Amino acid sequence: MDEADTHLIGSRCKRCGTYFFPGNVTFCRNPSCDSDEFDAVPLSREGTIWSYTDAQYKPPEPYVAADPFEPYAIAAVELAKERMIILGQLAKGVTVDDVTTGMQVELQLQTLFTKDGQDYVSWVWQPKR
Amino acid sequence: MSRDVVILGAGMHPWGKWGKNFVEYGVHAARAALKDAGVSWQDIEFVAGGATMRNGYPGYVAGATFSQALGWQGNEIMTCYAACATGSQALAAARAKIQAGQCEVALVVGADTTPKGFLAPQKGERPDDPDWVRFRLGITNPTYFSLYAQRRKDLYGATDEDFATIKVKNAEHGFSNEFARYRKKFTVEEVLASPMVASPLRLFEICATSDGGAAVVVASKEYADRLGSQRQVKIGGISTVSPKFASADVEMPDIATDSAAASNAYSFRASIAQKAYEEAGVGPEEVSLAEVYDLSSAMELDWYEYIGLCPQGDAEKLLRDGDTRIGGRVPVNASGGLACFGEAVPAQALAQVCELTMQLRGEAGDRQVSDAKVGVTGNQGLFGHGSSVVLLR
Ligand SMILES: [Zn+2]
């Protein structure tokens, strides 16, 4: 997969232009819009850190943790065009000391865990160099 | 003008991990509230119960469960669930019934028994359930608390010491509260030495889950006057508003906010207390004390701003000036807050109301806020629930 072309896929209301992520919407949630038609659209793959934290303890299931558990960092990232904030882990190896609010990040794919020989891939945020 | 509705009595079962049936806590609290009100159970015309999601069928029909346990006597019943706002929603139902002239005196009860350990999502693969998705991605409740805490640090200069100070303050407040679960004082150093859970928040700064029960007896002012009650506290306003699209709050259990691409962005939390103030005809500058949802120590700072005690970004100053400790200008969480109670979801909003009732009557003992005239509560939880109650002496 071409890393530079990795996008999250959201939905965009055909009538009012509101974005939704995750994109599994049936009805537009904008109260002044009664549309039920959406386009699947790629979301901005770059954004600004709204805030960040980490997880020092193993979360409960359905999280699948490495053994031993490896702490990971998390960022809430603001997408300018969509005017929304999306949460996700920060890329492996990035800690809370490496990021600040307002920092630019971009989307990457990372294997979150492997189960029964299958890789489970998710989006992560990587600080821009 | 609708008629005035007052709180006649308040009662609680102490918070803890008692491992008993939730009904026991609810009935204990209800009997305490009835006794406090000087009203007999058989005079109650309406029971509003806060549901609990963790105790099977009796929990889903809590209003009936409590009524049966107190002894069926032909009263009307309703049960509601609204996450953290459950107690306020039940209180609002009782108030509406009285305002409409359909009854004169009602009982509102909430109680919960919590499982041991962390709250975890239900089992199974449910990729359409946002609560499942976020846990799969490793996003837990402390994640959300800490995102807000970190943002305060970066935007407003909050410090780890500020967060620890909130815990220390609330622990001092709750130390003498017979209903609190944790009655132990802390130093800032002790809090900062507790293990980091989700940077920048530490173990002692994140609230636990508890068992507990709370109840109030509410009545029309006429009924209370006929009874000769000298300890009435007036319900000034109740807000149980929903968010407005596009909600800009990063909110459990969602992994994304609403998109404001085609709408204005709103802060839900900042909107909750507004309606309660408007109904009560008072403003935040008149507030004597507040009970707010300190799910984390840092979240209490956000609440100072959400309920209008100070402009956005000034909460740290309010804390550092000592304004929000007992003896300060506007004490917050005089009960000890969630820091001392732990959360018993369907009882918690009522527990806040019970504390304000005791304070406004001047019956709060060692933690009494002097000359308390106006009290406000604030809480907020999953799936667009939040509430605020303004009580007046
Ligand atoms: Zn639309």
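Before reading on, note that the structure itself is shown above.
Residues numbered from 1 in each chain as written. Chains lettered and ligands numbered in written order. Predicted model: local features only at pLDDT ≥ 70, side-chain atom pairs only at ≥ 80, totals over all residues. Heavy atoms only, no water.

Caption draft 1: Expanded view of the layout of surface pockets. There is about 1100 Å³ of room inside the second largest pocket. Grouping the constituent residues of the lining of the second largest pocket by class yields 27 nonpolar, nine polar and eight charged. (1 Å grid on protein atoms, 1.4 Å probe; cavity = no way out; pocket = protein on both sides within 12 Å on 5 of 7 lines; lining within 4 Å. Points joined across faces, edges and corners; volume = space filled by probe spheres on them. Nonpolar A, V, L, I, M, F, W, Y, C, P; charged D, E, K, R; others polar.)

Caption draft 2: Just helix H14 (residues 345-361) of chain B, in detail. All names here are of chain B. Between its first and last C-alpha atoms H14 spans 25 Å; for 17 residues at 1.5 Å apiece the expected length is 24 Å, and the two agree. Taken across its 17 residues, H14 has 17 buried, putting it largely inside the fold. Two residues or fewer past H14, Gly362 is found with a positive phi of approximately 75 degrees. (Helix = DSSP H or I, 4+ residues; strand = E, 2+ residues; numbered from the N terminus. Expected span 1.5 Å × (residues − 1). Buried < 20%, exposed > 50% of the residue type's maximum accessible area, 1.4 Å probe, protein only.)

Caption draft 3: Fine view of the coordination of the zinc ion. Residues and elements named next belong to chain A. Only Cys13 (SG), Cys16 (SG), Cys28 (SG) and Cys33 (SG) from the protein reach the zinc ion as donors, at distances of 2.3 to 2.4 Å. Each donor residue of the zinc ion lies on the same chain, and together they follow the pattern C-x2-C-x11-C-x4-C. Of this pair, Cys13 sits in strand S1 (residues 9-13) while Cys33 sits in the loop between strand S2 (19-20) and strand S3 (38-42), and the two are 20 residues apart along the sequence. Of the two residues examined, Cys13 and Cys33, each falls in the buried class. (Donors = N, O, S within 2.8 Å, 3.2 Å for Na, K, Ca; no water.)

Caption draft 4: Structural detail: the environment of B:Arg269. Residue and element names in this part refer to chain B. Along the chain, Arg269 turns up in helix H10 (residues 268-280). Distance in space between the C-alpha atoms of Arg269 and Glu343 is 19 Å, their sequence separation being 74 residues. Apart from residues no more than four positions distant in its own chain, Arg269 is found in contact with Tyr148, Asp249, Val250, Glu251, Trp303, Tyr306 and Gln380. Reaching out from Arg269, the side chain makes a polar contact with the side chain of Glu251 at a distance of 2.8 Å. (Contact = heavy atoms within 4.5 Å. Polar contact = N/O pair within 3.5 Å; in protein donor to acceptor, adjacent residues only side chain to side chain.)

Caption draft 5: View of the sheet that holds strand S10 (residues 374-381) of chain B. Residue and element names in this part refer to chain B. The strand order S3-S2-S4-S7-S1-S8-S11-S10-S9 describes an open sheet built from nine strands, whose pairing is mixed. Because the sheet does not close on itself, it has two edges, and the strands there are strand S3 (76-80) and strand S9 (289-292). Within the sheet, the average angular offset between the axes of one strand and its neighbour, ignoring direction, is 25 degrees. Bridge count between S10 and strand S11 (residues 385-392): six bridges; the pairing is antiparallel. Residue Gln380 lies in a different strand from S11, and its bridge partner there is Gly386. (Pairing = 2+ DSSP bridges. Axes fitted to C-alpha atoms, helices over the stretch in contact; angles between N-to-C directions.)

Caption draft 6: Here's a closer look at the interface of chain B and chain A. Contacts between the two partners involve 39 residues from chain B, matched on the other side by 45 residues from chain A. For the chain B and chain A pair, buried surface summed over both sides reaches about 3400 Å², with 62% attributable to carbon and sulfur atoms. The interface formed by chain B and chain A includes zero salt bridges. Every element with two or more residues in the side of chain B that touches chain A is listed here: helix H5 (130-136), helix H6 (141-156) and strand S5 (196-198) of chain B. Residue composition of the side of chain B that touches chain A, by class: 23 nonpolar, nine polar and seven charged. (Buried area = accessible area lost by both parts, 1.4 Å probe. Salt bridge = Lys/Arg side-chain N within 4 Å of Asp/Glu carboxyl O.)

Caption draft 7: Inspection of unusual backbone geometry at higher detail. Residue and element names in this part refer to chain B. Going from Ser199 to Pro200, the amide bond is cis rather than trans, its omega being 10 degrees. Mapped onto the elements of the fold, Pro200 is located in the loop between S5 and strand S6 (201-202). Of note, the amide linkage connecting Met252 to Pro253 takes the cis form, showing an omega dihedral of -5 degrees. Tracing the backbone shows Pro253 in the loop between strand S8 (233-239) and H10. One non-glycine residue with positive phi stands out, namely Ala83, at about 50 degrees. Note that Ala83 resides in the loop between S3 and helix H4 (86-99). Even without being a glycine, Phe383 presents a positive backbone phi close to 55 degrees. Classification of Phe383 as exposed rests on a relative accessible area of 54%.

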